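What the coordinates show
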Amino acid sequence: MEIRTVATVPWDDQRPGTSGLRKKTRVFAGRPHYVENFVQSVLDVVGEVAGATFVLGGDGRHFADEALRRTLAVLVGNRAGRVIVGERGLFSTPAVSCVIRRRGARGGFVLTASHNPGGPDGDFGIKYNVGNGGPAPESLTRRIHARTREIRRYFLAELPPDLDLARRGTRRVGETVVEVVDPVADYAEMLEGLFDFAAIRRLLEGGFRMAFDALHGVTGPYARHVLEARLGAPPGTVRRGDPRPDFGGLHPDPNPTRCRELVREVVEEGRLDFAAACDGDGDRAMILGRGIFVSPCDGIAVLADRADLAPGYRGRIRGVARSMPTSRALDRVAAARGWDLYETPTGWKFFGSLLDAGRIQICGEESFGIGSDHLREKDGLWAVLFWLQILAAGGGDVAGVLRAHWRRYGRDWFTRHDYEGVDPAAATALVEELRGRLSGLPGTVWGGVRLVRAEDFAYRDPVTGEEAVHQGLRFLFADDSRITLRLSGTGTEGATLRVYLERHGREDLDRPPATALAAVAARARALVEPRRRFGRDAPDVVT
Ligand code: VG1
Ligand code: CO
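Residues numbered from 1 in each chain as written. Chains lettered and ligands numbered in written order. Predicted model: local features only at pLDDT ≥ 70, side-chain atom pairs only at ≥ 80, totals over all residues. Heavy atoms only, no water.

**A few points about the coordination of the cobalt ion (ligand 2)**
Counted only if it meets this: A donor here means an N, O or S atom no more than 2.8 Å from the metal, or no more than 3.2 Å when the metal is Na, K or Ca. Since water is not included, a site may seem to lack partners. Partly exposed residues are those whose accessible area sits between 20% and 50% of the maximum for their type, while under 20% is buried and over 50% is exposed, using a 1.4 Å probe and protein chains only.
Around the cobalt ion (ligand 2), the donor atoms from the protein are Ser114 (OG), Asp279 (OD), Asp281 (OD) and Asp283 (OD), and they sit 2.0 to 2.1 Å away. Coordination of the cobalt ion (ligand 2) draws on donor residues from a single chain, spaced S-x164-D-x1-D-x1-D in sequence. Across this residue pair, the class does not change: Asp279 and Asp283 are buried.

The following block contains the structure:
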């Protein structure tokens, strides 16, 4: 097998964001060496690649086939000992995390831009996960970025043209064993160890009506196997279950705006007991119950509070964590139960050290991602099973579970307003101006309510001591309401401003967030001035 040293020139824009390197598909596809440069940069930084095992796969989006072969060619070129590839190039993000851990791999490459749309005019991405199964931490992504700016060569193997990555089997290519595997098996077996499958099966066979919408992302094969084949949900429970390169023209982002029809069917018309949808790479899940939408912030709190109902978590929770913009519903559960509570910057990479150290067992983000120490990624199908476990064990329905939670802890109304594709200079100016004014804001009055605290969120990892600064501006008011502003780190066009609003209360628990948070939203508008700064009167997406 011939391995060539290919001369290359660096690209200056390969900085990983909140979750991997994300760009327009045409950037990945059109620029010479773009994939190889990034993969080689990762391997140069990680080191000791020869003989090591890597996991490789993705959500099957447009360009994934080509990126798969090019990534594999660089791994073989670097004399990796073994590459475990998902059949047809498919692997969900949580499954990659699972397989890295089970097989003791050095790391894994996930070819996905997650919830971003795909296709030739959409987005593509590469995430690198490390040996604990989790996203590369900041210290590593900084070094990877530095490496991409100086790389001058990569090592490339010529893959045999008849190497078939669509069929299971093991084959030696040069010094590397290429093992094409069923991407579902390990992951499904892991789930079976965490939940009481017999109880969930009784629920699903007992007239319970549910739907799972894979949005043509990678979760279709996982959900079909777990929900339909193993747990006895009727065929057809999984919708849009075949992964497609363009996600069927959909935006594989499970939120009420993008999943209008499912929300109408379940929440508005009450035609099913339960429904869920996952994003392209399977780490997010939106949960709906008959007549009710579960805010992900509430979802995290409920799952943690009821963890004893799942065999894998009974009596095991000692600490929990949430990203900073996520509502404080989880804090109330932690306080009541005497658990430690950590508040981290946005992005799953910040949970890894806490999970590794055993300080937390369950964690989550407002952006539909929840997970636990079973992996080092958020996990969409796991969250679905956790809800089914709660319903199977406790009886009742989603609405009943949520309302009982609110009665006990009060309700943390939460909403997120996204201004997408705004002028990056205007977005940066907003953040910088407000940052400059932070110390003068406490004591000022907004719509009759005093602002009591304003800060630029910084985080020191309690395990590693690593610092992360400028992780969002947050404003606390005298009525205990909270506004957080930050710029997205996953977009590929313009800037996206995220405005997170929340307030706690014990009265009128069924009020929708739009009503309960109307006054807070008005204060946020006064802070942001979207009309003046961005020429916008309303956010593009309200979650
Ligand atoms: C968003 C979410 C964040 C999540 C990240 C990756 O990041 O806000 O909570 O971890 O996406 O999710 P940002 O920087 O755009 O706000 V995934 O499922 O796209 O890998
Ligand atoms: Co995702």
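**Examining the packing of helix 6 (residues 185-192) against helix 8 (residues 219-230)**
Put simply, the rule reads: Angular values range over 0 to 180 degrees, each being the angle between N-to-C directions of two axes fitted as lines to C-alpha atoms, with helices fitted over their stretch in contact. Secondary structure elements follow DSSP: runs of H or I no shorter than four residues count as helices, runs of E no shorter than two count as strands, and numbering proceeds from the N terminus. Here roughly perpendicular refers to angles of 65 to 115 degrees, roughly parallel to angles under 35, roughly antiparallel to angles over 145, and oblique to all remaining angles. By convention the crossing between two helices is left-handed if the near helix lies anticlockwise of the far one by an angle smaller than a right angle, and right-handed if it lies clockwise. Only heavy atoms enter the contact rule, under which two residues are in contact if any of them lie within 4.5 Å. Gly falls in the polar group here, along with every residue not listed as nonpolar (Ala, Val, Leu, Ile, Met, Phe, Trp, Tyr, Cys, Pro) or charged (Asp, Glu, Lys, Arg).
At a minimum axis separation of 10 Å, helix 6 and helix 8 run at an interaxial angle of 45°. Considering their axes alone, helix 6 and helix 8 lie oblique with respect to each other. The hand of the helix 6/helix 8 crossing is right-handed. Contacts between helix 6 and helix 8 pair Tyr187, Ala188, Glu189, Leu191 and Glu192 from the former with Tyr222, His225, Val226 and Arg230 from the latter. Tallied by class, residues from the contact of helix 6 with helix 8 come to 5 nonpolar, 1 polar and 3 charged.

**Points about the nonpolar core**
For clarity, the threshold we go by: Working definition of a nonpolar core: buried Ala, Val, Leu, Ile, Met, Phe, Trp, Tyr and Cys residues. They are joined through side-chain atoms within 4.5 Å. Where each domain begins and ends is defined by an automated method or by a domain database.
Membership of the largest hydrophobic core comes to 77 residues, with the highest contact counts inside it found for Phe212, Phe274, Trp382 and Leu388. The element best represented in this core is helix 13 (residues 380-394), accounting for 10 residues. Each of domain 1 (3-182) and domain 2 (187-409) gives at least three residues to this core. What Phe274 contacts, discounting residues up to four positions off in sequence, is Phe208, Arg209, Met210, Ala211, Ile287, Leu288, Gly289, Val384, Trp387, Leu388, Leu391 and Val398.

**Brief notes about the sheet that holds strand 4 (residues 82-90)**
Stated formally: Strands were regarded as paired on the criterion that DSSP finds at least two bridges between them.
The strand order 2-6-5-3-4-9-8 describes an open sheet built from 7 strands, whose pairing is mixed. The outermost strands of the open sheet, each flanked by one partner alone, are strand 2 (21-24) and strand 8 (169-173). Averaged over all neighbouring strand pairs, the angle between strand axes comes to 15°, with direction disregarded. The pairing of strand 3 (residues 53-58) with strand 4 spans 5 bridges and is classified as parallel. Bridge assignment links Leu56 to a residue of strand 4, and that residue is Val85. Contacts between helix 2 (residues 34-46) and the sheet are confined to strand 2, strand 3, strand 5 (107-111) and strand 6 (123-129), with strand 6 contributing the most and set at about 15° to the helix.

**Some points on the domain arrangement of the protein**
Rule in force here: When a carboxyl oxygen of Asp or Glu lies within 4 Å of a side-chain nitrogen of Lys or Arg, that pair is called a salt bridge. Here a polar contact means two N or O atoms within 3.5 Å. Within protein one must be a hydrogen donor candidate and the other an acceptor candidate, and residues neighboring in sequence count only if both atoms are side-chain atoms.
In terms of domains, the protein is made up of domain 1 (3-182), domain 2 (187-409) and domain 3 (411-542). Relative to domain 3, the C-alpha centre of domain 1 lies at a distance of 35 Å. Each side of the interface is counted separately: domain 1 has 12 residues, and domain 3 has 6 residues. Our count for the contact surface shared by domain 1 and domain 3 stands at 0 salt bridges. In this assembly, domain 1 and domain 3 are joined by 4 residue pairs in polar contact (both at pLDDT 80 or more).

**Observations concerning the packing of aromatic side chains**
Where we set the bar: In this scheme Phe, Tyr and Trp rings, the latter by its six-membered ring, pair at centre separations within 6.5 Å, and the angle between planes marks the pair as stacked below 30 degrees, edge-to-face above 60, and tilted otherwise. Criterion for a charge above a ring: Lys NZ or Arg CZ within 6 Å of the ring centre, and within 35 degrees of the ring normal.
Counted under the stated rule, the structure contains 16 aromatic pairs. Between Trp382 and Phe386, the ring centres sit 5.3 Å apart and the planes meet at 80°, which makes this aromatic pair edge-to-face. Taken together, the positions of Trp382 and Phe386, both in helix 13 and 4 residues apart, correspond to about one turn of that helix. The two residues Trp382 and Phe386 agree in class, both being buried. Grouping aromatic residues by their ring pairs yields a cluster made of Trp11, Phe28, Tyr34, Phe63 and Phe124. Sitting above the plane of the Trp413 ring, Arg511 keeps its charged end 4.7 Å from the centroid.

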